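What follows is the residue order along each chain.
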Amino acid sequence: SGMFTYDPGYISTASSSSEITFIDGDEGILLYRGYPIEQLAAQCDFIDVCYLLMNGELPTSEQKTSFDNTIKNHSMLHEQLVKFYTGFRRDAHPMALMVGVVGALSAFYHEAMDITNAAHREQSAFRLIAKLPTIAAMAYKYNIGQPFIYPRNNLSYAENFLHMMFAVPTEEYKLNPVLVRALDRILILHADHEQNASTSTVRLAGSSGANPYACISAGIACLWGPAHGGANEACLNMLEEIGDVSRIDEYIQRAKNKDDPYRLMGFGHRVYKNFDPRAKLMRETCHEVLNELGLQNDRLFKLALQLEKIALEDEYFISRKLYPNVDFYSGIVQRALGIPTFMFTAIFAMARTVGWVAQWSEMISDPNHRIGRPRQLYTGITMRNIPSAALRK
Ligand code: CMC
């Protein structure tokens, strides 16, 4: 017996207190450590944002240089870990590789097991932020059968990732600053989002005292699903499937039909019920990138704009407060950058790692943190006695 608040899906339960990220879903406000996402996207780069999320304040220029160098120093993978890839099927989904390889980091850094040591915790955080781009890019190279490209310390975080993705040993890869900036913005916009499903997963896993690599691997597993980080991949697949403006109505009708579980991917959010401020910024970046590449008439972008317009005028979407979310546009931007659809969620994981790590550290450094242990509403059979074998049906 015992009475608990029954809240499936945690619609009205705060699982933790946190000083990191604030969201006002009705007003469309998103703040990292108090700073509006619009200002961060305009004035900061991803390294500033990482420092801010981890430390609570933006870095001075010396602090930034030192932080940036630390991240660069940790960007290589141990050669034994590089071999890990070859154990996977050659066409493995990058997220399958990420769950495995990030989890396997726990086997390489034994000191990380001691989470009571703040210096070790910080070291694990640096390693995770530094290695995720390398791990993700290698997952891509492995999938397409190209040689791994090692990280370069003369490049910025976003530049380095693009380099590891697109460089080949036989040719220099030329970085385009507009595209670098677009990727950096994707990283900033996805860096943290308070107690979303994957962050809650990281916290719950971490609440037992598990090591940070195992916890972040759990977060990556949760992020994979199409209702969460998998939505950007699902959204682009949906646009490809719709294919033409003339078929939009058919898909809108399907999404509205209560007998059909189909949903418009990239629409709706648990918290944002007015608009998703990240979607606005992403749409802006989308225009910039398509202009830069001369793709203003991109078929899928036009389709997306039209779909957005029709959905926003439809009573079904209006009454349920369903607006395009960040993933609606991030897929189009990534596609324009030349990133294939199956890599989208891995890039989300790379961006969210700093948020996961900051939230995990916040929880562990709180001396009052306890293991997360939800209760349930038992709906099974009440106590009974085992009948003799002859009487069993
Ligand atoms: N298309 C059609 N109908 C929808 C959609 C959609 N995308 N999203 C919600 N609805 C309907 C839903 O059927 C329900 O209708 P009714 O009240 O008539 O039963 C109502 O809107 C409320 O939906 P819900 O499922 O109770 O809302 P939720 O807060 O549990 O789910 C969500 C939020 C994001 C999972 C959901 O909107 C969804 O599945 N969206 C599509 C997937 C997506 O784009 N996810 C990315 C989220 S943003 C990035 C991230 O944080 O990972």
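Residues numbered from 1 in each chain as written. Predicted model: local features only at pLDDT ≥ 70, side-chain atom pairs only at ≥ 80, totals over all residues.

Asker: Would you mind going over the overall build of the protein with me for this structure?
Answerer: Each helix and strand in the protein was counted, giving 17 helices and three strands. Computed over the C-alpha atoms, the radius of gyration of the protein is 22 Å, within 12% of the 21 Å expected from 2.2 N^0.38 for a compact globule of 393 residues. Evaluated residue by residue, the protein yields a buried proportion of 42% over its 393 residues. Taking all contacts inside the protein whose residues are at least 6 apart in sequence as the whole, residues at least 24 apart take part in 76%. (Helix = DSSP H or I, 4+ residues; strand = E, 2+ residues; numbered from the N terminus. Rg over C-alpha atoms; globule rule 2.2 N^0.38 Å. Buried ≥ 20, exposed ≤ 12 C-beta atoms within 10 Å, placed from the backbone. Contact = placed C-beta atoms within 7 Å.)

Asker: It is not clear to me how the sheet that holds strand β2 (residues 29-32) should be interpreted in this structure. Could you clarify?
Answerer: Note on sheets: strands pair through backbone hydrogen bonds, and any given pair is parallel or antiparallel. Pairing is antiparallel in the open sheet, where three strands are placed in the order β1-β2-β3. Every other strand in the sheet has two partners, leaving β1 (21-24) and β3 (35-36) as the edge strands with one partner each. With two bridges joining them, β2 and β3 adopt antiparallel strand pairing. Directly across from leucine 31, in β3, lies its bridge partner proline 36. (Pairing = 2+ DSSP bridges.)

Asker: Help me understand the site of the ligand, please; the structure alone is not making it clear to me.
Answerer: In the region of the ligand, 21 residues are neighbours, and Ala231, Arg263, Phe267, Gly268 and Arg270 sit closest. Partitioned by chemical class, the residues of the shell around the ligand number eight nonpolar, nine polar and four charged. (Near = placed C-beta within 6 Å. Nonpolar A, V, L, I, M, F, W, Y, C, P; charged D, E, K, R; others polar.)

Asker: How should I be thinking about the UniProt feature "active site" (unreviewed entry) in the protein in this particular structure?
Answerer: This chain's UniProt record puts "active site" (unreviewed entry) on His269 and Asp327. Taken together, the annotated residues stretch across 59 residues yet fold into one region, lying no more than 10.6 Å apart by C-alpha. Within the secondary structure layout, histidine 269 lies in the loop between α12 (248-256) and α13 (277-292). Sequence-distant contacts of histidine 269, defined by excluding residues within four places in its chain, comprise Asp276 and Asn325. By the secondary structure assignment, aspartate 327 is in helix α16 (residues 326-336). With 28 C-beta atoms counted inside 10 Å, the residue aspartate 327 sits in the buried group. For aspartate 327, the residues in contact, after removing those within four places along its chain, are Ala231, Asn232, Cys235 and Gly266. (UniProt positions renumbered as here; feature names shortened; annotations may be inferred.)

Asker: Looking at this model, I keep getting lost on unusual backbone geometry. Mind explaining?
Answerer: Trans is the prevailing form of peptide bonds, just as negative phi is the prevailing case for residues other than glycine. Phi at arginine 33 is positive, roughly 50°, even though this residue is not glycine. Within the secondary structure, arginine 33 is located in the loop between β2 and β3. The phi angle at glutamate 194 is positive, at roughly 40°, despite the residue not being glycine. Structurally, glutamate 194 is set in the loop between α8 (177-190) and α9 (197-207).

Asker: Would you mind going over the pairing of β2 with me for this structure?
Answerer: Regular strands show a simple pattern: their side chains alternate between the two faces of the sheet. Here β2 shows one buried face, formed by Leu30 and Tyr32, and one open face, formed by Ile29 and Leu31. Counting the residues that bridge the hairpin from β1 to β2 gives four residues, and of these glycine 28 lies at a positive phi of roughly 70°. Taking the residues between adjacent antiparallel strands as the criterion, β2 and β3 are bridged by two residues, where arginine 33 takes a positive phi near 50°.

Asker: Would you explain the packing of helix α11 (residues 231-242) against α16 in this entry?
Answerer: Helix-helix packing is described using two parameters, namely the angle between the two axes and the distance between the axes. In contact at an axis separation of 8 Å, α11 and α16 are set at 75° when each is read in the N-to-C sense. Compared by their axis directions, α11 and α16 come out roughly perpendicular. Touching Ala231, Asn232, Cys235 and Leu236 of α11 are Asp327, Phe328, Ser330, Gly331 and Arg335, all from α16. Among the residues making up the contact of α11 with α16, the classes are represented as four nonpolar, three polar and two charged. (Axes fitted to C-alpha atoms, helices over the stretch in contact; angles between N-to-C directions. Parallel < 35°, antiparallel > 145°, perpendicular 65-115°, else oblique.)

Asker: Just checking my understanding: could you explain the nonpolar core for this structure?
Answerer: Within the largest apolar cluster, 113 residues are counted, with the highest numbers of intra-cluster contacts made by Val49, Leu53, Met98, Ala136, Leu183, Val333 and Ile347. At 13 residues, the largest contribution of residues to this core is made by helix α17 (residues 344-364). The contacts of isoleucine 347, once residues within four sequence positions are left out, are Ala136, Ile186, Gln334 and Ile339. (Core = buried A, V, L, I, M, F, W, Y, C linked by C-beta atoms within 7 Å.)

Asker: Sorry, what's going on with the confidence of the model for the protein here?
Answerer: Low pLDDT marks regions whose predicted coordinates should not be analysed in detail. Averaged over every residue, the pLDDT of the protein is 94; residues scoring 70 or more account for 99%. Interface confidence for the predicted complex, expressed as ipTM, amounts to 0.92; the pTM equals 0.93. (pLDDT = per-residue confidence, 0-100.)

Asker: Please explain α17 as it appears in this structure.
Answerer: An α-helix turns once every 3.6 residues. As a result, residues three or four positions apart point the same way. Here α17 is 21 residues long and its end C-alpha atoms lie 30 Å apart, about the 30 Å a rise of 1.5 Å per residue gives. Most of α17 sits inside the fold, with 19 of its 21 residues counted as buried. (Expected span 1.5 Å × (residues − 1).)

Asker: Looking at this model, I keep getting lost on the packing of α8 against α13. Mind explaining?
Answerer: Two elements in contact, α8 and α13, have axes whose closest approach is 10 Å; the angle formed by their N-to-C orientations is 165°. Here α8 is positioned roughly antiparallel relative to α13, judged by the angle of their axes. As α8 packs across α13, the resulting crossing turns out to be left-handed. Residue-level contacts link Val178, Leu179, Ala182, Arg185 and Leu189 of α8 to Arg278, Leu281, Met282, Thr285, Glu288, Val289 and Glu292 of α13. Class assignment for the residues of the contact of α8 with α13 results in seven nonpolar, one polar and four charged. (Left-handed = near helix turned anticlockwise from the far one by under 90°.)

Asker: Help me out: how do you make sense of the environment of isoleucine 23 in this one?
Answerer: For isoleucine 23, the location among the structural elements is in strand β1. Along the sequence, isoleucine 23 and isoleucine 188 sit 165 residues apart, while their C-alpha atoms lie 15 Å from each other. Setting aside chain neighbours within four positions, we find isoleucine 23 in contact with Ile29, Leu30, Glu194 and Val271.

Asker: Any chance you could explain the environment of threonine 382 here in plain terms?
Answerer: In this structure, threonine 382 sits in the segment after α17. Residue threonine 382 is classed as exposed on the basis of its 5 C-beta neighbours within 10 Å. As for threonine 382 and leucine 264, which are separated by 118 residues in sequence, their C-alpha atoms are 41 Å apart.

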